[in-house]
Amino acid sequence: MRRSVGVTAAALLTLLTACGGGGSSSGTTLVGLVTKTDTNPFFVKMKEGAQQAASSAGATVQSFAGKQDGDNQSQVDAIENLIASGAKGILITPSDSKAIVPSVDKARAAGLLVIALDTQLEPANAADATFATDNYKAGLLIGQWAKAKFAKEGKQAKIALLDLNPNQVSVDVQRDQGFLEGFGVDVKDKARIGDESDPRIVGHDVTDGAPEGGRTAMENLLQKDPGINLVYTINEPAAAGAYEALKAAGKEKDVVIVSVDGGCPGVDNVKAGVIGATSQQYPLKMAQLGVEAVSKFAKDGSKPQNTDTGVTLITDQPAEGVESKDSAFGLQNCWG
């Protein structure tokens, strides 16, 4: 019985490797893609971009993901697997931008090119390069938009912030602090979430970047202050969950939600009035550029520079002094 189980496990491992994109025995360049999850549409689009680029670059993509946002161990295991498989490079959206650094160091010491996608490592130079949205700017734009909207309507804000997780990863901090600074809040330590003392802030809660987390976090903060009228969310899945909580409480028409992602479902929610404004990112571009960079590195050893893949504020309620595009533009460009 033990031998039978061992054979089955070996067969499963072979199958999983093949499904993930396979090794480099065919002579093609093996590129690893390690995302935070494989369920968030943002990372699904990233995987799609990597596979598209691989087909034209003569590369093979082997993809891995954590069980949920914040799952560092699965990413550690993925890097070990890719080193052993002979990958030439790794594209990673770190779940914990600090804790993953020793594994990244090991990969680079083994001769792999490591590019951070979407989320910087801490320190940023722990990776060979970062291809990402300027996440601080993404937060800043929705903060500036919300500030202008509330000023125009003569409203005093009561703000709820729905962040990612307790780890204070770079993408979470940058978006949160960018939003608050854009709205005119003194954030004190720009590198830390939650130390501000502005009375307009009701509180922070975490969502794991998922709808169910967004709903629970919104419910918790509504219990603290039912008068919340402005909600920042780390991403659009969390925003969707927050909206469901607001709707259940009969408050969906009284609260403005702002977010970051710019995916097609999120832009549909802008069009429907569920989200007031969102900062659109381009994960497909991040992954495509990443695969191309690893392929070039495999050929001539050249390493890429950091690349800002762009951000656009999407809203159907433009605010004076804040550059934006409407939802029609957003739907034409969602996650391209």
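Up top is the structure.
Quick look at the structure, then. Everything quoted here is computed from the prediction, not taken from an experiment.

The next thing to look at is the overall build of the protein chain. Tallying secondary structure elements over the protein chain gives 11 helices and 12 strands in all. A buried classification covers 53% of the 336 residues belonging to the protein chain. The long-range fraction of contacts in the protein chain, counting pairs at least 24 apart against all pairs at least 6 apart in sequence, stands at 70%. Accessible area for the protein chain stands at about 14300 Å²; split by element, carbon and sulfur atoms hold 50% of it. One finds the centroid of the 32 positive side-chain charges in the protein chain at a distance of 3 Å from the centroid of its 40 negative side-chain charges.

Their axes nearest at 7 Å, the elements helix α2 (residues 41-57) and helix α10 (residues 283-300) cross at an angle of 35°. Judged by the twist between their axes, the crossing of α2 over α10 is right-handed. Every residue of α10 that contacts α2 at Phe42, Lys45, Met46, Glu48, Gly49, Ala50, Gln52, Ala53, Ala54 and Ala57 is listed here: Pro283, Leu284, Met286, Ala287, Gln288, Val291 and Ser295. A class-by-class count of the residues in the contact of α2 with α10 yields 11 nonpolar, four polar and two charged.

Moving on, we get to α10. The end-to-end C-alpha distance of α10, which contains 18 residues, comes to 26 Å, matching closely the 26 Å that a straight helix rising 1.5 Å per residue would cover. Among the residues of α10, Pro283, Leu284, Met286, Ala287, Gly290, Val291, Ala293, Val294, Ser295 and Phe297 are the ones counted as buried. As for α10, its buried residues are in contact with β1 (29-35), α2, β2 (59-65), β3 (89-92), β4 (113-117) and β5 (129-132). Positive phi shows up at glycine 301, right after α10, with a value of about 80°.

Before going further, it helps to examine the sheet that holds strand β12 (residues 312-315). The mixed open sheet is built from six strands, whose spatial order is β7-β6-β8-β9-β10-β12. Each edge of the open sheet is held by one strand with a lone partner, namely β7 (201-206) and β12. In this sheet, adjacent strand axes meet at a mean angle of 15° when their direction is disregarded. Note that strand β6 (residues 159-163) and strand β8 (residues 230-233) share four bridges and pair parallel. Residue leucine 162 lies in a different strand from β8, and its bridge partner there is threonine 233.

This brings us to the environment of proline 283. Counting through the fold element by element, proline 283 comes out in helix α10. When neighbours within four sequence positions are excluded, proline 283 is seen to be in contact with Phe42, Lys45, Met46 and Trp335.

Our focus in this paragraph is the packing of helix α3 (residues 72-85) against helix α4 (residues 101-109). Where α3 contacts α4, the axes come no closer than 9 Å and their chain directions differ by 5°. What the angle tells us is that α3 and α4 run roughly parallel. Of the residues in α4, those touching α3 at Val76, Ile79, Glu80 and Ile83 are Ser103, Val104, Lys106 and Ala107. Class assignment for the residues of the contact of α3 with α4 results in five nonpolar, one polar and two charged.

With that out of the way, let us pick up the pattern of salt bridges. This model, assessed by the stated rule, comprises 11 salt bridges. As a salt-bridge pair, glutamate 80 and lysine 106 come within 2.9 Å of each other at their nearest N and O atoms. Of the two residues, glutamate 80 is situated in helix α3 and lysine 106 in helix α4; the sequence distance between them amounts to 26 residues. Between aspartate 128 and arginine 108 there is a salt bridge, and its shortest N-O distance comes to 2.9 Å. Placement of the pair is aspartate 128 in the loop between β4 and β5 and arginine 108 in helix α4, with a sequence separation of 20 residues. Among the residues examined, aspartate 128 registers a relative accessible area of 15% and is labelled buried. One salt-bridge network, in which partners are shared between bridges, spans Arg108, Asp128 and Lys303.

Scoring rules and cut-offs
Residues numbered from 1 in each chain as written. Predicted model: local features only at pLDDT ≥ 70, side-chain atom pairs only at ≥ 80, totals over all residues. Heavy atoms only, no water. Helix = DSSP H or I, 4+ residues; strand = E, 2+ residues; numbered from the N terminus. Buried < 20%, exposed > 50% of the residue type's maximum accessible area, 1.4 Å probe, protein only. Contact = heavy atoms within 4.5 Å. Areas by Shrake-Rupley, 256 points an atom, 1.4 Å probe, with all protein chains shown as cover. Lys, Arg positive; Asp, Glu negative; His and termini not counted. Charge placed at Lys NZ, Arg CZ, Asp CG, Glu CD. Axes fitted to C-alpha atoms, helices over the stretch in contact; angles between N-to-C directions. Left-handed = near helix turned anticlockwise from the far one by under 90°. Nonpolar A, V, L, I, M, F, W, Y, C, P; charged D, E, K, R; others polar. Expected span 1.5 Å × (residues − 1). Pairing = 2+ DSSP bridges. Parallel < 35°, antiparallel > 145°, perpendicular 65-115°, else oblique. Salt bridge = Lys/Arg side-chain N within 4 Å of Asp/Glu carboxyl O.

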